[in-house]
Amino acid sequence: MAEKVVIIGGTAAGLSAASKAKRVDPSLEITVFEKSGYISYGACGLPYFVGDMIKEPNDLVSLSVDQMTRKRGVPTFIHHEVTGIDRAAKTVTVKNLDTGDVFTQGYDKLVIATGARPIVPDIPGAKAEGVYTLRTVEDGIRLKGVVQCHAQKKAAIIGGGFIGIEVAEEMTNSGVEVHLFEMMPRLLPFLDESFSQTVLDTLTAHGVHVHLNAGVEELLTKDGRVCGVRASNGEETPVDYALMSIGVVPASDLARDAGLTLGIKGAIVVDDEMRTGDPCIWACGDCVQMKNRITGGAVYVPLGTTANKQGRIAGGNLAGEHETFKGVLGSMVTKAFDLYISATGLSLTQAKAAGYDAASSVITKGDRASYYPGSRDNTICLILDKKTGRLLGAQAIGSESVAGRINVFATAITCGMTVGEINELDLVYAPPVAPVYDPILIAASQAMKKVEG
């Protein structure tokens, strides 16, 4: 008799697990349950959907329910919420959100890919009308409706992280007066301090009102609807609506209630094969704890790239393979208007906290030959171990080419390279794409001066 597999969650991790498991063992009877109305969507594209750069919700979707069910042979159900896991009976309880019907489904193997949920702080007004989050396609549809109707012109974004900055750009481009509130003294504090200042300057130059050292203590309301923000510094700012964008936490309640072990920030603890403490249950994606590839310590870094990799590994392993997930560097890239921001590995503060005798080195270099039209500066910060010269982290701001250069540094960190070895790399050169001494080489050469002995 074919083994029955249930997968809870139909986005990046869950569908990667389903697709890989079916390829490895076509005899598996796999069923996917997704609480929302969309599967396989690019959540990272939601800010650009809100800004109308991406027109339709389905433009964010890679695979439809029909494609999963009919073409890939994996029955997939939207608007179906798994509300409980009975490990002893090997069943899950499922609620059809359209009809209200509740039923149980048996499994031989289970994958938990429930993702993460937005943090909504417990402050007055947080649940008022006109307060939005941005995690699902439905969230995006609701927020886009108010942004693009152009009737309400002033918005608050609570939180100055990646999503907050991206939405600030898109709202501003849509004609909205944006007030961005950040409780920290600077934006993106893991970045070199000068980089944070450049991000702030860029946002301000494009008309975003950035409030630093401004934790939000209350969303002011009138007749049940948000009408302003009161920050910790006492300032009150009138707005028409607000976006909560202060981060996410693992959606691990199902795992917790089933008695599975939780770790950092409440994320599900898994081994290198993505298996939980229950030998019949795997977990993957934004709901699980990860391992930092440099320090080996537990981290929580919810990214779509990681979710897809983990899902593929979980699916392959439940079907009989034995792949392992090696960990994360936290590689990221985003943009604020015409400024691109990218990073990988440890920040200087993180490196020192991990016990390294670390130093940083910053350089600025054009991204193509100086005489070639359109050259833009790339500013690169490298974090290294002063004793060995080993690269521990890299950050860059500038043109869109910083993404490719950070990818080189991510590869170097993965391979355990020193800045001296990076300086010897044979990199490409042509005036339209890179100077004869690439910013990567200049950064490595400068960082070598920080190595002791």
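So, a few notes on the structure that sits alongside this text. (Residues numbered from 1 in each chain as written. Predicted model: local features only at pLDDT ≥ 70, side-chain atom pairs only at ≥ 80, totals over all residues. Heavy atoms only, no water.)

**Structural notes on the overall build of the protein**
Right, so step 1: Helix and strand counts for the protein stand at 12 helices and 25 strands.
Right, so step 2: The C-alpha radius of gyration of the protein comes to 23 Å, within 12% of the 22 Å expected for a compact globule of 453 residues.
Right, so step 3: Along the longest, intermediate and shortest principal axes, the C-alpha atoms of the protein span 65 × 55 × 40 Å.
Right, so step 4: A total of 453 residues make up the protein; the buried ones form 49% of that total.
Right, so step 5: Considering only residue pairs separated by 6 or more positions, the protein has 62% of its internal contacts joining residues 24 or more positions apart.
Right, so step 6: Of the roughly 19500 Å² of accessible surface on the protein, a fraction of 51% belongs to carbon and sulfur atoms. (Helix = DSSP H or I, 4+ residues; strand = E, 2+ residues; numbered from the N terminus. Rg over C-alpha atoms; globule rule 2.2 N^0.38 Å. Buried < 20%, exposed > 50% of the residue type's maximum accessible area, 1.4 Å probe, protein only. Contact = heavy atoms within 4.5 Å. Areas by Shrake-Rupley, 256 points an atom, 1.4 Å probe, with all protein chains shown as cover.)

**Focus: the sheet that holds strand β4 (residues 80-86)**
Right, so step 1: The strand order across the open sheet built from three strands is β4-β5-β6, with neighbouring strands paired in antiparallel fashion. Sheet topology places β4 and β6 (102-106) at the edges, where each strand pairs with a single neighbour. Each strand of the sheet is rotated relative to its neighbour by a mean of 30°, with strand direction disregarded. (Pairing = 2+ DSSP bridges. Axes fitted to C-alpha atoms, helices over the stretch in contact; angles between N-to-C directions.)

**Quick look at a positive patch on the surface**
Right, so step 1: A cluster of like positive charges, contributed by R23, R72, R293, K309, R312 and K326, occupies part of the molecular surface.
Right, so step 2: Within the secondary structure, R72 sits in the loop between α3 (65-71) and β3 (76-77). (Patch = residues over 30% accessible without salt bridge, like charges linked within 9 Å, V, L, I, M, F, W, Y side chains within 5 Å. Salt bridge = Lys/Arg side-chain N within 4 Å of Asp/Glu carboxyl O. Lys, Arg positive; Asp, Glu negative; His and termini not counted. Charge placed at Lys NZ, Arg CZ, Asp CG, Glu CD.)

**Considering the environment of T349**
Right, so step 1: Position of T349 among the secondary structure elements: in helix α9 (residues 348-353).
Right, so step 2: In the structure, T349 is positioned 298 residues away from G51 in sequence and 35 Å away in space, judged by C-alpha atoms.

**Focus on helix α1 (residues 12-24)**
Right, so step 1: For α1, with 13 residues, the first-to-last C-alpha span of 18 Å sits near the 18 Å given by 1.5 Å per residue.
Right, so step 2: Looking at α1, one finds that the buried residues are A13, G14, L15, S16, A17, A18, S19, K20, A21 and K22.
Right, so step 3: Check the buried side of α1 and you find it contacts β1 (4-8), β2 (29-33), α3, β7 (109-112) and α8 (304-318). (Expected span 1.5 Å × (residues − 1).)

**Describing the sheet that holds strand β11 (residues 177-181)**
Right, so step 1: Spatially, β9-β16-β10-β11-β12 is the arrangement adopted by the five strands of the open sheet, whose pairing is parallel. Taken across any chain shown, the strands that pair with only one partner, and hence form the sheet edges, are β9 (131-132) and β12 (209-211).

**Looking at the pattern of salt bridges**
Right, so step 1: With the rule as written, the count across this model stands at 23 salt bridges.
Right, so step 2: Across the salt bridge formed by R70 and D66, the nearest N and O atoms sit 2.6 Å from each other. With R70 and D66 both in helix α3 and four residues apart, this pair spans about one turn of that helix.
Right, so step 3: Classification of R70 as exposed rests on a relative accessible area of 68%.
Right, so step 4: For D66, a relative accessible area of 40% corresponds to the partly exposed category.
Right, so step 5: Between D257 and R256 there is a salt bridge, with the nearest N and O atoms lying 3.1 Å from each other.
Right, so step 6: Judged by its relative accessible area of 45%, R256 is partly exposed.

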